[in-house]
Amino acid sequence: ALQPLPTNVTYPPLHRLAPLLARHWGEPWRDRFSKFDEVPIASASIAQVYKAGLPDGTQVAIKILIPGIHALYEQDLVLYRILARAVAALLPQLDVVGTVHVFLDSLQQELDFIQEARNVTAFGQLPHLPRVRSLTLLPDLSNADIVTTEWVEGTTLVEYLRQASPDTRYELLSLLQHSYIQQVIRFGIFQGDAHPGNYLIDQDGNLVFVDFGYLGSLSDRERLSYINLILATMDGDARSLQLALRDGGFNCLLDDLFSSRLLELFHTCTRKEGQNIQFHQVDKMVHEILDSIRQRRANVPAHYLVTGRVFVTLTGLFKLFRVVPERIDIRAILLDAQPATDTK
């Protein structure tokens, strides 16, 4: 339902952004480019992306922060906090205020283009899986309001999958799944804005991450809790699952019934024989899990809210294209990066 939104955002004309470009790049700023397309190739609520060419022939993507967006954010900040307190009074069993705080924090980070430039470089330096690509930053053309990167010729993941064969769909979604698992449990750094439009398939069939406004990070303890959670699920060990949840920050869910239901959900979603998986059954199980969290008045740790948003989006892609997620070989992902004690 949300897929049409990115293409329905109205954008300010380039001449409104010209004073900002002149302030950072000087006058005449157009002399820096052999070509600068005036119509953005992507437009969202906080920024617009333009395609341009440098005199040496290099094609670049220029992401420009929309003027006045910080003031609008401050207004929304007050509004969301007021709404969160009002809703929290009606739903005392949920940590509404904490959840909204995590959302606002991620949005604030997306407005920090200096940090986004650092994120582009940091993510690109990670030893990603084969066929997973990042972007190259052009620091001389990046600043507090502008992030400039190499241009990647490609197709958005969803558009590509709509035309792809079932085998190709399975291959690419499995690659995306394994990349995120690697980012979470091995790197402790992950691209936190899992919008389907933030992935491209380039001309060589590589999966390219193209937006780094929010880069999530995990402490070693948090990262290890995900490792142990996956291992406990693979082994069907409810007690180990409880300990992994505790180490991850859940302190109100340490009982056998909750762990057993969670294990059942995980196994339903990862069975190899699940080609005929009924997604309405999964939806029902998810609602039961969420009801358990509400009944126990458990506060969901912030990092689970962020990774949860990522993996819910991935689940939606698997569901949309009727692909059953591949079983995770966590030991292979960790083999060359973590000491053996981390997988206990």
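Before reading further, recall that the structure is shown in the block above.
Calculation notes
- Residues numbered from 1 in each chain as written.
- Predicted model: local features only at pLDDT ≥ 70, side-chain atom pairs only at ≥ 80, totals over all residues.
- Heavy atoms only, no water.
- Helix = DSSP H or I, 4+ residues; strand = E, 2+ residues; numbered from the N terminus.
- Expected span 1.5 Å × (residues − 1).
- Buried < 20%, exposed > 50% of the residue type's maximum accessible area, 1.4 Å probe, protein only.
- Pairing = 2+ DSSP bridges.
- Contact = heavy atoms within 4.5 Å.
- Axes fitted to C-alpha atoms, helices over the stretch in contact; angles between N-to-C directions.
- Phe/Tyr/Trp six-rings, centres within 6.5 Å; stacked < 30°, edge-to-face > 60°.
- Parallel < 35°, antiparallel > 145°, perpendicular 65-115°, else oblique.
- Left-handed = near helix turned anticlockwise from the far one by under 90°.
- Nonpolar A, V, L, I, M, F, W, Y, C, P; charged D, E, K, R; others polar.

1. Comments concerning helix H7 (residues 220-235)
1) Next: Spanning 16 residues, H7 covers 22 Å between terminal C-alpha atoms, matching the ideal 22 Å at 1.5 Å per step.
2) Next: Of all the positions in H7, only Arg223, Ser225, Tyr226, Ile227, Asn228, Leu229, Ile230, Leu231, Ala232 and Thr233 are classed as buried.
3) Next: Remark: glycine 236 follows H7 within two positions and exhibits a positive phi of approximately 65 degrees.

2. Some remarks on the sheet that holds strand E7 (residues 154-156)
1) Next: The mixed open sheet is built from four strands, whose spatial order is E5-E10-E9-E7. Each edge of the open sheet carries a strand with a single partner, namely strand E5 (132-133) and E7.
2) Next: Alignment of strand E9 (residues 199-202) against strand E10 (residues 207-209), held across three bridges, turns out to be antiparallel. By the bridge assignment for E10, tyrosine 199 is matched with phenylalanine 209.
3) Next: Running at roughly 45 degrees to E10, helix H6 (residues 166-187) makes contact with E5, E9 and E10 of the sheet.

3. So, the packing of aromatic side chains
1) Next: Following the criterion strictly, the structure yields 14 aromatic pairs and no others.
2) Next: The interplanar angle of 75 degrees and the centroid separation of 6.5 Å between the aromatic rings of tryptophan 29 and phenylalanine 33 together place this pair among those described as edge-to-face.
3) Next: Among the residues examined, tryptophan 29 registers a relative accessible area of 5% and is labelled buried.
4) Next: Ring centres of phenylalanine 123 and phenylalanine 212 lie 4.9 Å apart, and the angle between their planes is 45 degrees; this geometry places the pair in the tilted category. A residue pair is termed long-range when its members are at least 10 positions apart, and phenylalanine 123 in helix H4 (residues 113-124) and phenylalanine 212 in the loop between E10 and strand E11 (215-217) qualify at 89 residues.
5) Next: Given a relative accessible area of 0%, phenylalanine 123 falls into the buried group.
6) Next: Residue classification places phenylalanine 212 among the buried residues on the basis of a relative accessible area of 1%.
7) Next: Among the aromatic side chains, those forming a connected cluster through ring pairs are Phe123, Tyr180, Tyr199, Phe209, Phe212 and Phe311.

4. Structural notes on the packing of helix H2 (residues 69-90) against helix H3 (residues 96-110)
1) Next: It is the contact of H2 with H3, at a shortest axis distance of 9 Å, that shows an interaxial angle of 165 degrees. By the angle between their directions, the pair H2 and H3 is classed as roughly antiparallel. In this structure, the crossing between H2 and H3 has a hand that is right-handed. Between H2 and H3, the contacting residues are Tyr73, Leu77, Tyr80, Arg81, Ala84, Arg85, Val87 and Ala88 on the first element and Val96, Val97, Val100, Phe103, Leu104, Leu107 and Gln108 on the second.
2) Next: Looking at side-chain class alone, the contact of H2 with H3 contains twelve nonpolar, one polar and two charged residues.

5. Overview of the side chain of glutamate 116
1) Next: Note on placement: glutamate 116 falls in helix H4.
2) Next: Residue contacts for glutamate 116: discarding those within four places in its chain leaves Lys63, Glu110, Val147, Phe212 and Gly213.

6. Description of unusual backbone geometry
1) Next: The omega angle of the peptide bond from glutamate 27 to proline 28 is -5 degrees, so this bond is cis rather than trans.
2) Next: Relative to the helices and strands, proline 28 resides in the loop between helix H1 (14-25) and strand E1 (35-36).
3) Next: The backbone of arginine 131 sits at a positive phi, close to 75 degrees, despite the residue not being glycine.
4) Next: Here arginine 131 shows up in the loop between H4 and E5.

Keep in mind these values describe shape, not function.
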